[in-house]
Amino acid sequence: MPCAETYKSIFLAVAFMVYLLAGALVFQVLEKEAEDTAKTDTERHRLDFLKNYTCLTKEALDHLVHVITDAVKQGIHPLENQTKNSHSNWDMSSSFFFAGTVVTTIGYGTLAPRTPGGQIFCVFYALFGIPLNVIVLGHVGKLLSRMCHRFGQYFFNKGMKPKKAKILTIIYFLVTGIIVFLGLPPLLFTKTEKWTYTEGVYYAFISLSTIGFGDYVVGYGPQHYMPFRGFRALVCLWIIFGLAWLSLLFNLLISLLEDTEKKIAKDIQKKVKNKKASEHIALEPLTSSHLSEKEEIMEPSDCNISGRKSEKANYEL
């Protein structure tokens, strides 16, 4: 029904815009004041620095800030002593981690190729790597779905009702995934990155959802600690399996939202039909009175009709 599809599209567009506006409002309330404070503190420290070190000009300080900013963009922390720090952003483990962020489309932004050859290679590498990653995630997702199905079948064979077994399977799937991918890894990150547990949970979800802001990245903080070589590669594998789990969770949420959307669309369509029906009922008395008037007008002429014609008319009726 075209009318129902139109209402459905309008409802989805309005709901999406309201969701975006609500999110923008909440983020503005939570973050705007902190940003203004950071700007004020930065400017105050800058002026104090120039006041205490009169031999340093404003231009020299600005140049130093640009150098430090560029170093941070390349994943280099200026506070680290290069002679004491043997860590490289392009060793095998870190390069493997970067390749994983490319094909999974996370793109933290803390590390990126700077050479023309590296940039061109990254384009073609992502061109073929992203579809390959989708295929791999699909297979991993099927494996996880098969495991959940077997788990539900186990409860069903034990005599549990199908609906109850399905609900219990979903709960088991959610709880297990939350523990493995969102609960335990942050505990490790508090040791290796010196983050709080909340920051670890935030990093885990932002990474597994491929949002990848880049404000928190494993192995790039000034206080990071590598338990062993290949730690970043292990984190990359955790991200890939976590992506498959979160994709299934998103599919579950999408199905729930689609069912809700269908129910709302059906209610809207029902209201439209009821409105049309009420309008039709409201017009019926007018139509009936109009027909009765027409019959009254026709009655005098019917009296002049012969009996044979009247009989014929009665037969036809």
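Scoring rules and cut-offs
- Residues numbered from 1 in each chain as written.
- Predicted model: local features only at pLDDT ≥ 70, side-chain atom pairs only at ≥ 80, totals over all residues.
- Heavy atoms only, no water.
- Helix = DSSP H or I, 4+ residues; strand = E, 2+ residues; numbered from the N terminus.
- Buried < 20%, exposed > 50% of the residue type's maximum accessible area, 1.4 Å probe, protein only.
- Contact = heavy atoms within 4.5 Å.
- pLDDT = per-residue confidence, 0-100.
- Patch = residues over 30% accessible without salt bridge, like charges linked within 9 Å, V, L, I, M, F, W, Y side chains within 5 Å.
- Areas by Shrake-Rupley, 256 points an atom, 1.4 Å probe, with all protein chains shown as cover.
- Salt bridge = Lys/Arg side-chain N within 4 Å of Asp/Glu carboxyl O.
- Expected span 1.5 Å × (residues − 1).
- UniProt positions renumbered as here; feature names shortened; annotations may be inferred.
- Arc of directions from axis to C-beta.

1. Some words on the side chain of threonine 104
- Tracing the backbone through its elements, the reader meets threonine 104 in the loop between α3 (92–103) and α4 (116–157).
- The buried category is assigned to threonine 104, whose relative accessible area is 3%.
- Those residues in contact with threonine 104, other than ones at most four positions away along the chain, are Asn133, Thr210, Ile240 and Leu243.

2. Here's the deal with the confidence of the model for the chain
- Averaged over all residues, the pLDDT of the chain equals 78, while 81% of them reach at least 70.
- Considering only residues more than four positions removed or in separate chains, one finds that residues 294–317, a stretch of pLDDT under 50, has one contact.

3. Brief notes about a nonpolar patch on the surface
- A contiguous nonpolar surface patch, about 690 Å² in accessible area, is contributed by Ile167, Ile171, Val175, Ile179, Val180, Leu184, Leu187 and Tyr197.
- When residues in the nonpolar patch are grouped by element, the largest group, five residues, is from helix α5 (residues 162–183).
- Assignment of secondary structure puts valine 180 in helix α5.

4. Description of α3
- Helix length check: α3 (12 residues) gives 17 Å between terminal C-alpha atoms against 16 Å at 1.5 Å per residue, within 8%.
- Taking burial as the measure, the 12 residues of α3 include nine buried ones, the bulk of the element.
- For α3, the complete set of buried residues consists of Ser93, Ser94, Phe97, Phe98, Ala99, Gly100, Thr101, Val102 and Val103.
- Downstream of α3 by one or two residues, threonine 105 has phi in the positive range, about 65°.

5. Points about the pattern of salt bridges
- Using the criterion set out here, one finds three salt bridges in the structure.
- Residues glutamate 35 and lysine 39 are paired through a salt bridge, measuring 3.9 Å at the closest nitrogen-oxygen approach. Within this pair, glutamate 35 and its partner lysine 39 are both found in helix α1 (residues 2–52), separated by four residues, close to a single helical turn.
- You can call glutamate 35 partly exposed: its relative accessible area is 41%.
- According to the relative accessible area criterion, lysine 39 is exposed, its value standing at 52%.
- Residues arginine 44 and aspartate 41 are paired through a salt bridge, measuring 2.8 Å at the closest nitrogen-oxygen approach. With arginine 44 and aspartate 41 both in helix α1, this residue pair falls three residues apart, about one helical turn.
- Judged by its relative accessible area of 39%, arginine 44 falls in the partly exposed class.

6. So, the UniProt feature "transmembrane region" (unreviewed entry) in the chain
- The positions that UniProt labels "transmembrane region" (unreviewed entry) are, in the present scheme, residues 6–30, 94–111, 123–144, 165–189, 201–221 and 233–257.
- Each end of residues 94–111 is marked by a C-alpha atom, and these two atoms are 10 Å apart; helix forms 56% of the span and strand 0%.
- Helix makes up 96% of residues 165–189 and strand 0%. Its end C-alpha atoms lie 35 Å apart.

7. Some remarks on helix α6 (residues 185–192)
- Where α6 is concerned, the buried positions are Pro185, Pro186, Phe189 and Thr192. For α6, the arc enclosing every buried residue in end-on projection is 120°, short of the 170-degree limit, so these residues lie on one face.
- The first or second residue beyond α6 is lysine 194, which carries a positive phi of 60°.

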